[in-house]
Amino acid sequence: MLELTASLPMYNLPEMAGRNAAFWEALSKEMRAQKLASIPPDLVFSRPAVPDAIGSEVLFSQTCGYPLQTIYSGQFAFLGVPTYDFPGCGPSTHRAYVIVGKESPYRTIEDLRGARFALNSIHSNSGMNLPRLLLARHGIKAPFFGTVAVTRSHTESIRQVQVGDLDAASIDCVTFGFFKELSPEKVSAIRVLAETPESPAIPFVTSIATPSDQLEKLRDALFRVANDPVYRPVLDGLHIKTITAVDPAEYGRVVAYEREAAERGYAELK
């Protein structure tokens, strides 16, 4: 029998383990009330933010909107989209912050020409797609940076900019908000240079292999957690104001951003 998994890999700082576990406990309680057939007992904390695929074992996870439209197309079903209360977020939206060293000479986006850029993943919306669009809308054409170094995570991008190994990165505003709250020393030598355009927030998803009846029960359980006041402390711990139904068309925006950047002469972040 397939062993189902659950994970929250997008906002998975070590300091958040207890908060994420509390969210899964609340959701599991509601899933049991909905009589879901099989519920993973614990979250998988080791799942990468950008895995190779959304396999049939994935009952619950949170996945960046850009790869959902590209490398994960046809592999998932939407469950719900959170609205976060951090600066930079709107109703079901977020954006990215372009960060640089606090004492660096950079004052505008254009000043980053020839700089060393930290890229968490070529499949990242906040780390790649949104800054690409920002640069394109400033009339900048590729190549622009001196170096684009793949760091494999926002955490590592922040660290390398903090210590001066790289000059700039684009970080999801929710990730940045959690760092400022839980690990302020890790961003103490960083400042925000610019904000990208907004984008649909990172949704909760399940595998496309999840049976339709189980999918509806899972979705109902998620919305019960979002709307029952008893779970408000759990959601507050994750800075989630609400969780709402997903309009799949909204996530087409991330691919439209890609097309726009290409049309403006910045098809690849480099």
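This structure is a prediction, so every number in the text was calculated from the model and none was measured.

So, how was this worked out
- Residues numbered from 1 in each chain as written.
- Predicted model: local features only at pLDDT ≥ 70, side-chain atom pairs only at ≥ 80, totals over all residues.
- Heavy atoms only, no water.
- Pairing = 2+ DSSP bridges.
- Helix = DSSP H or I, 4+ residues; strand = E, 2+ residues; numbered from the N terminus.
- Axes fitted to C-alpha atoms, helices over the stretch in contact; angles between N-to-C directions.
- Contact = heavy atoms within 4.5 Å.
- Core = buried A, V, L, I, M, F, W, Y, C linked by side-chain atoms within 4.5 Å.
- Buried < 20%, exposed > 50% of the residue type's maximum accessible area, 1.4 Å probe, protein only.
- 1 Å grid on protein atoms, 1.4 Å probe; cavity = no way out; pocket = protein on both sides within 12 Å on 5 of 7 lines; lining within 4 Å.
- Points joined across faces, edges and corners; volume = space filled by probe spheres on them.
- Nonpolar A, V, L, I, M, F, W, Y, C, P; charged D, E, K, R; others polar.
- Parallel < 35°, antiparallel > 145°, perpendicular 65-115°, else oblique.
- Left-handed = near helix turned anticlockwise from the far one by under 90°.

Undergrad: What is the right way to look at the sheet that holds strand E9 (residues 190–195) in this model?
TA: Pairing between the strands of a sheet comes from backbone hydrogen bonds, and it takes one of two forms, parallel or antiparallel. Taken in spatial order, the five strands make up an open sheet running E7-E6-E8-E5-E9, and their pairing is mixed. With partners counted over all chains shown, the strands left at the sheet margins are strand E7 (147–150) and E9, one partner each. This sheet shows a mean twist of 35° between the axes of neighbouring strands, independent of strand direction. As paired strands, strand E5 (residues 96–101) and E9 are joined by five bridges and run antiparallel to one another. Across the sheet, residue Tyr97 finds its bridge partner in E9, namely Glu195. Those strands touched by helix H3 (residues 125–137) are E5, strand E6 (116–119), strand E8 (168–172) and E9, and its axis lies near 110° from that of E8. Packed on one face of the sheet, helix H5 (residues 173–182) meets E5, E8 and E9 and runs near 95° to E8.

Undergrad: For this particular structure, what's the right way to read the sheet that holds strand E1 (residues 5–6)?
TA: Strand order in this open sheet of five strands is E1-E2-E11-E3-E12, and the pairing throughout is mixed. Of all the strands in the sheet, just E1 and strand E12 (240–244) have a single pairing partner and so form its edges. Contacting E1, strand E2 (58–62), strand E11 (204–207) and E12, helix H1 (residues 17–33) crosses the sheet at an angle of about 140° to E2.

Undergrad: Is there a simple way to explain the nonpolar core in this structure?
TA: Looking at soluble globular proteins, one finds that nonpolar side chains tend to be buried together. Phe23, Phe60 and Leu112 are the most contacted members of the largest nonpolar core, which has 75 residues in total. Ile54, Leu68, Val205 and Tyr251 belong to the second largest nonpolar core, which has eleven residues in total.

Undergrad: Got a minute to help me understand the layout of surface pockets in this structure?
TA: Empty pockets left among the atoms are what a rolling probe the size of a water molecule brings to light. A volume near 610 Å³ is recorded for the largest pocket. Of all elements in the fold, only helix H4 (154–163) and H5 reach the threshold of two or more residues within the lining of the largest pocket. Residues of the lining of the largest pocket, tallied by class, amount to 14 nonpolar, ten polar and four charged.

Undergrad: I tried to follow the pairing of strand E3 (residues 76–84) on my own but got confused; where do I start?
TA: Along any regular strand, the residues point their side chains to alternate faces of the sheet. Of all the nine residues making up E3, nine are buried; the element is thus mostly covered by neighbouring parts of the structure. Summarising the sheet, E3 and E11 pair through four bridges and their orientation is antiparallel. The partner of Ala77 across the bridge, within E11, is Thr206.

Undergrad: Looking at this structure, how should I read the packing of H1 against helix H6 (residues 212–227)?
TA: Each pair of packed helices can be described by the angle between their axes along with the distance between the axes. Close contact between H1 and H6 brings their axes to 8 Å; oriented N to C, the two are set at 125°. It follows from the interaxial angle that H1 and H6 lie oblique. Considering how the two elements wind past one another, H1 and H6 form a crossing that is right-handed. Here Phe23, Ala26, Leu27, Glu30 and Met31 of H1 lie close against H6, whose contacting residues are Leu218, Ala221, Leu222, Arg224 and Val225. Counted by class, the contact of H1 with H6 contains eight nonpolar, no polar and two charged residues.

Undergrad: Would you mind going over the packing of H3 against helix H8 (residues 252–263) with me for this structure?
TA: One way to put it is that H3 packs onto H8 with a least axis distance of 9 Å and a crossing angle of 40°. One element, H3, and the other, H8, form an angle in the oblique class. As H3 packs across H8, the resulting crossing turns out to be left-handed. Two secondary-structure elements touch here, H3 through Asn125, Asn129, Leu130, Arg132, Leu133, Ala136 and Arg137 and H8 through Val254, Tyr257, Glu258, Glu260 and Ala261. Broken down by class, the residue content of the contact of H3 with H8 amounts to six nonpolar, two polar and four charged.

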